[in-house]
Amino acid sequence: MEHVDRETETESMAAEQETKTKLRRLLLPQLIVTCVCGAVAMTCGMNIGHSAVLIPRLQQNDSTIPIDDEIGSWIASVFSIGSPVGNIIGGCLADKLGRRKILRFALILYILGWSLLATAQSYQLIIATRLISGIARGMSADTLLVLLDEHSDAHLRGINYMHVTASYVVGMLIISGIGTVLNWRAATGVAIIFLITVFIATWALPESPIWLVRNGKTHEASRILEKAWGKHQKDQARQELGIMVSRCHKENTMLLSTLLQPHVIKSFVIAFLLIILQICSGVHVFITYSVDVVSRARHGSQDLLDEYAVTNIAGFLRFAVIIMMAWFSLEFKRRTIVLSSAIASGICLLILGTVITVNSTNNLMSERSMSWIVILLIFLYITISTGGVFAFPVAFVGELVPSKIRGMASGVIFAVTEVILGGVLKCSPFMWSTMGIHGMFWLFGFFCFLFALYVFLFVPETHNRTLVEVEEYFQGHNILWQNRPKKFRKEKSVQESIIRQNIPNVLEGNNTVYVKLRETEHSETQCSNNGL
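Throughout, residues of each chain are indexed from 1 in the direction in which the sequence is written. A pLDDT threshold of at least 70 governs which residues receive local features in this predicted model, and a stricter bar of 80 or more applies before side-chain atom pairs are shown or counted, although totals over entire chains, interfaces and linings include all residues. Calculated side-chain values reflect all of the structure's heavy atoms, with hydrogen atoms and water omitted.

**Q** Would you mind going over the overall build of the protein with me for this structure?
**A** Per the secondary structure count, the protein includes 23 helices and zero strands. Throughout, exposure labels follow a simple rule: accessible area from a 1.4 Å probe, protein chains only, divided by the maximum for the residue type, with under 20% read as buried, over 50% as exposed, and the rest as partly exposed. In the protein, which comprises 532 residues, the share counted as buried stands at 55%. The criterion used for residue contact is that any of the two residues' heavy atoms lie within 4.5 Å. In the protein, once contacts between residues fewer than 6 apart in sequence are set aside, the share between residues at least 24 apart is 82%. In this description, accessible areas are obtained by the Shrake-Rupley approach with a 1.4 Å probe, and a residue is regarded as covered only by the protein chains that are shown. Approximately 23100 Å² of the protein is accessible, and the part contributed by carbon and sulfur atoms is 65%. The helix count covers DSSP runs of H or I at least four residues long, the strand count covers runs of E at least two residues long, and both are numbered beginning at the N terminus.

Rendered as C-alpha cells:
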C-alpha cells in the first residue's frame, strides 16, 4: 500500500509540474517584446538624460546659444511639463487604437524633436524641441509598460520590467557618454539614427492580445497567443483566450461606472501616491541635474574627477544595479527590495547633508578629503536608490491598475505626476540656493522615509502574482496590506490552480467563440488549398 501511495504521489507531483510548465508561455516571444520595449525605453532615457550634458554645454563661454540658470531650468523642466500631454493622449488612444500604433507615433515625434534640436539656433527653439520630446516620452513610457504587462507571464514580469528599466538607464548613459566626447549637435545626430532604427524594430512587436479581444479581433488574438505558447501548446493558448473573452464579457459596463468602483479607486490612488513619493525622494533630480548637484555638493572641487566623469560613473552604477535587481526580482519579494532601498537611501541622504553642513562650519576635513566623501556618498545613494526607489514604482503602476482602464489610468497617473516632476525640477535650483544643497539632501531623505512607510502600509506584494490575482486583491474590503485576506498571505500564486479548475467552465461558456474561430480557420484552410 505504501508503495502504491508513493507512486500515486510521484505521478501527482509530476502531473502538477507538467501542468505548471504548460501554463508558461515560450521565452522567445516574450524576449522579443522585452527587447523592443527596452529599445523604446532607451530612447526615453536618452531624452531625459540629455539635459544633464546639454545645459552645461550651453552655459559655457564659447557656446553659440548662451543661456543662464533660469533658461537652463526651463530646458530641464519643460520636458516633464510636456509629458502629461503625451500621457493623456497616449493613455486614451492606446485603449482605442492599440499599443503598437501609439509607440510608433511617439517615435515619429521623437525623431521630429531631435531633428529640430540638431538645427536649433536659439534657446526658444531648444525649449520647443524639448517640449515635443516630452510629449513623445509621455505617449511611449506608459504605453510600453502596459504592453509589456500584457505579454509577460507572472514569473517573468519582474525581470522583464527590470530589463526595460536597465535599457532606460543605458539610454541615459549613452547620451551622457556621447555628450562628454562630442558636442551636443553631434550627439543629437547619433540619437536620430538610433531612433530611426527603433522605429523600424516596432514592426516585430505583436499587439496586445487582451486589447485585440476587447476590440472584437479575437481571431488575431488567437494567432498571437498560439505563437506565444508554441505550436505544441495550442490548447493552452485557447484556454487563455477563453479566459480573456470571459473577462471581457464580464466587463461590459460603462467606463464611468467602472472608474467609480471602489476597487478601481483604491488601486488608482495607491499607484498615484506611490509615484508622487518617488518623485519627492529626489531620484530624478540626481539624474537631470547630476553635474550641478555634484559640483555644488563638493563646492566646485575637481581635483579627483570632474562632474562629467562622475555623471558617467553614476550611469554605469545605475545600469549594473538594474541588471543585478532584474535577477533578484525572480527570487526576492518586491516590497522587501523597495523598503530596504528607501530606508537605506534616506539614511545615506541624511548623512550626506550632515557631513556637508558640519564640514562647512568647522572645516574638519581638507577639500580633497571632503570631495572624496561626497562623491562616495553620492555613488552610494545612487546605487541604493536605483535598486528599489527608482526601479519598481513605475512597474507597480502597470500591475496595480485594472486591465480594462490600464492604458487610460496609467496615462492620467503619469500625466499628473509629470506635472509635479516638472515643478520639482524647475524649483530645484531655487531650493539649493535658498536652503543649501545640504538642506535639499535632508528634504529628500525625509521623503525617502515617508516613501518606505507608505509602501509598508498600502502597497501589495505583486511578486509571482498574476495581474488577475492583483485585481482580485483590490476587490477585497481591506486598504492596508497587513489586513489582506488569508489567500494573499501565501508565498506562491494560487492563480494557476484557479485557472486549471475553471478552464472547463470558461471554455464551455465561450463555446460559440471557439466554434466561430474553428469555422474561420477551416474556411481559410480551404481557400488556401483551393488556391494551391
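Moving on from the model shown.
**Q** Would you mind showing me how to read the nonpolar core here?
**A** One recurring pattern in soluble globular proteins is that nonpolar side chains are buried together. We call a set of buried residues a nonpolar core when its members are Ala, Val, Leu, Ile, Met, Phe, Trp, Tyr or Cys and they connect through side-chain atoms within 4.5 Å of each other. Among the nonpolar cores identified, the biggest contains 129 residues, and I75 and I126 are the most heavily contacted of them. Top element by residues in this core is helix α2 (residues 27–58). It accounts for twelve residues. Look past the residues within four positions of I126 in its chain and what remains in contact with it is L54, L58, I65, I75, L117, A120 and W184. Core analysis: the second largest hydrophobic core is formed by twelve residues, W211, L225, L241 and V245 among them.

**Q** I'm lost on the pattern of salt bridges in this one. Help?
**A** It is possible for side chains of opposite charge to pair when their charged atoms get near one another. Here, a salt bridge means any Lys or Arg side-chain nitrogen found within 4 Å of an Asp or Glu carboxyl oxygen. Per the counting criterion, the structure on display carries two salt bridges. Put simply, R465 and E469 hold a salt bridge, and the shortest N to O gap is 2.9 Å. With respect to burial, R465 and E469 carry one shared label: buried.

**Q** I tried to follow helix α18 (residues 393–400) on my own but got confused; where do I start?
**A** Side chains of residues three or four places apart in an α-helix project in the same direction, reflecting 3.6 residues per turn. When you tally the buried positions in α18, you get seven out of eight residues, the bulk of the element. Three or more residues of α18 are buried, namely P393, A395, F396, V397, G398, E399 and L400.

**Q** What is the right way to read the packing of α2 against helix α4 (residues 99–118) from this model?
**A** Axes are the key here: two packed helices are described by the angle between their axes and the distance separating the axes. Their axes nearest at 11 Å, the elements α2 and α4 cross at an angle of 35°. For α2 against α4, the interelement crossing comes out left-handed. Where α2 approaches α4, its residues V40, T43, C44, M46, N47 and H50 are matched on the opposing element by L103, L107, Y110, W114 and L117. Residues that form the contact of α2 with α4 fall into these classes: eight nonpolar, three polar and no charged. For helices, the fitted line uses only the C-alpha atoms of the stretch in contact; every axis is such a line through C-alpha atoms, and the angle between N-to-C directions lies from 0 to 180 degrees. Working rule for handedness: look at the near helix, and if it is turned counterclockwise from the far one by less than a right angle, call the crossing left-handed; if clockwise, right-handed. Lys, Arg, Asp and Glu make up the charged group, whereas Ala, Val, Leu, Ile, Met, Phe, Trp, Tyr, Cys and Pro make up the nonpolar group; the residues left over, Gly among them, are polar.

**Q** Please clarify how the side chain of N47 should be interpreted in this entry.
**A** On the secondary structure map, N47 appears in helix α2. Identification of polar contacts relies on pairs of N or O atoms within 3.5 Å, with a donor-acceptor requirement for protein atoms, meaning one able to donate a hydrogen and the other able to accept it, and with residues adjacent in sequence counted only if both atoms are side-chain atoms. Engagement of the side chain of N47 in a polar contact is seen with the side chain of W114, the distance being 2.7 Å. Leaving out residues up to four positions away in the same chain, N47 has contacts with F79, Y110, W114, R130 and S133.

**Q** Help me understand the environment of F488, please; the structure alone is not making it clear to me.
**A** Checked against the element boundaries, F488 lands in the loop between α21 (467–474) and α22 (495–509). A relative accessible area of 6% means that F488 is categorised as buried. Residues F488 and T462, spaced 26 residues apart in sequence, show a C-alpha to C-alpha distance of 9.9 Å. Among all residues touching F488, those that are not within four sequence positions of it are R465, E469, E472, Y473 and W481.

All quantities given are derived from atomic positions and should not be read as evidence of function.
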